[in-house]
Amino acid sequence: MKATAPHTQSSPLLSLWKAYNETTSTRLKTIDAFLVFLMLSGIIQFLYCILVSNFPFNAFLAGFASCVGQFVLTASLRSQVNPANRSEFKEVSPERAFADFALGSLVLHFFVYNFLG
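Residues numbered from 1 in each chain as written. Predicted model: local features only at pLDDT ≥ 70, side-chain atom pairs only at ≥ 80, totals over all residues. Heavy atoms only, no water.

*Asks:* Explain the environment of C49 residue by residue, including any values.
*Replies:* When you line up the elements, C49 lands in helix α2 (residues 26-51). Counting along the chain gives 35 residues from C49 to A84, while the straight-line C-alpha distance between them is 39 Å. (Helix = DSSP H or I, 4+ residues; strand = E, 2+ residues; numbered from the N terminus.)

*Asks:* Please set out α2 residue by residue, giving values where relevant.
*Replies:* Over its 26 residues, α2 runs 37 Å from end to end, which matches the ideal 38 Å to within 8%, given 1.5 Å per residue. Taken as a whole, α2 has its buried residues at L28, I31, D32, L35, L38, S41, G42 and C49. (Expected span 1.5 Å × (residues − 1). Buried < 20%, exposed > 50% of the residue type's maximum accessible area, 1.4 Å probe, protein only.)

*Asks:* Help me get a handle on the packing of aromatic side chains, residues and values and all.
*Replies:* One pass over the full model with this rule turns up seven aromatic pairs. Ring centres 5.7 Å apart and planes at 25° place the aromatic pair F60 and F64 in the stacked group. Taken together, the positions of F60 and F64, both in helix α3 (residues 57-81) and four residues apart, correspond to about one turn of that helix. Residue classification places F64 among the partly exposed residues on the basis of a relative accessible area of 28%. Relative to F111, the ring of F110 lies with its centre 5.7 Å away and its plane at 70°, an arrangement referred to as edge-to-face. Taken together, the aromatic side chains of F46, F57, F60 and F64 make up a single cluster linked through ring pairs. (Phe/Tyr/Trp six-rings, centres within 6.5 Å; stacked < 30°, edge-to-face > 60°.)

*Asks:* Got a sec to walk through the side chain of T74? Specific residues and values, please.
*Replies:* Relative to the assigned elements, T74 resides in helix α3. Taking relative accessible area as the criterion, T74 reaches 1% and is therefore assigned buried. Those residues in contact with T74 that lie beyond four places of it in its chain are I31, F34, L35, L38 and F101. (Contact = heavy atoms within 4.5 Å.)

*Asks:* How would you sum up the nonpolar core? Please name residues and give values.
*Replies:* L28, I31, L35, L77, V81, V92, A97 and F101 together form the largest nonpolar core, which totals eight residues. Residue assignment for this core shows that the elements contributing at least two residues are α2, α3 and α4 (94-116). Per element, the largest residue contribution to this core is three residues, and it comes from α2. (Core = buried A, V, L, I, M, F, W, Y, C linked by side-chain atoms within 4.5 Å.)

*Asks:* Please give an account of the pattern of salt bridges that cites residues and values.
*Replies:* Evaluation of the coordinates by the stated rule reveals two salt bridges. Linking R78 and D32 is a salt bridge whose minimum nitrogen-to-oxygen distance equals 2.4 Å. Taken as a pair, R78 in helix α3 and D32 in helix α2 lie far apart in primary sequence, 46 residues in all. On the basis of relative accessible area, D32 is assigned to the buried category, the value being 14%. Between R96 and D100 there is a salt bridge, with the nearest N and O atoms lying 3.4 Å from each other. Separated by four residues within a single helix, R96 and D100 lie in helix α4, roughly one turn from each other. On the basis of relative accessibility, which here comes to 45%, the residue R96 falls in the partly exposed class. (Salt bridge = Lys/Arg side-chain N within 4 Å of Asp/Glu carboxyl O.)

Structure below.
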C-alpha cells in the first residue's frame with residue numbers, strides 16, 4: 001500500500017481556484033462576477049417559467065433574452081480587456097471596448113423594453 005501525504009496532493013479544482021485568484025486582475029474578477037450573476041438570473045427565470053407559470057410569456061422572453069444578450073456582451077467585453085488577448089485586439093483599447101459594451105447594452109435593453117409591450 002502506498003502512503004501519500006494529503007497535504008502534498010491538491011484537487012484540480014482547488015489548484016484552478018488558487019491560480020485564478022493569483023493571476024486574474026480585479027477588473028476581470030468583477031466582470032466574471034457579473035457573468036455569474038447573469039447566468040444565475042437566467043437560470044432562475046427559466047426555472048420559474050417551467051415550475052410556476054409563464055403567464056406573461058413575452059415578459060419571460062424579454063427577461064431571458066436580456067440575460068442572454070447581456071451575457072454575450074459582457075463575455076465580449078471580458079475577452080477584449082483581458083491582457084492575455086492583447087494580440088487579438090490590437091486596435092481596441094479597454095476604453096473603446098467599454099464604450100462598445102455600454103452602447104450595445106443600451107441598444108439591447110431598448111429592444112427588450114419595446115418587446116415588453
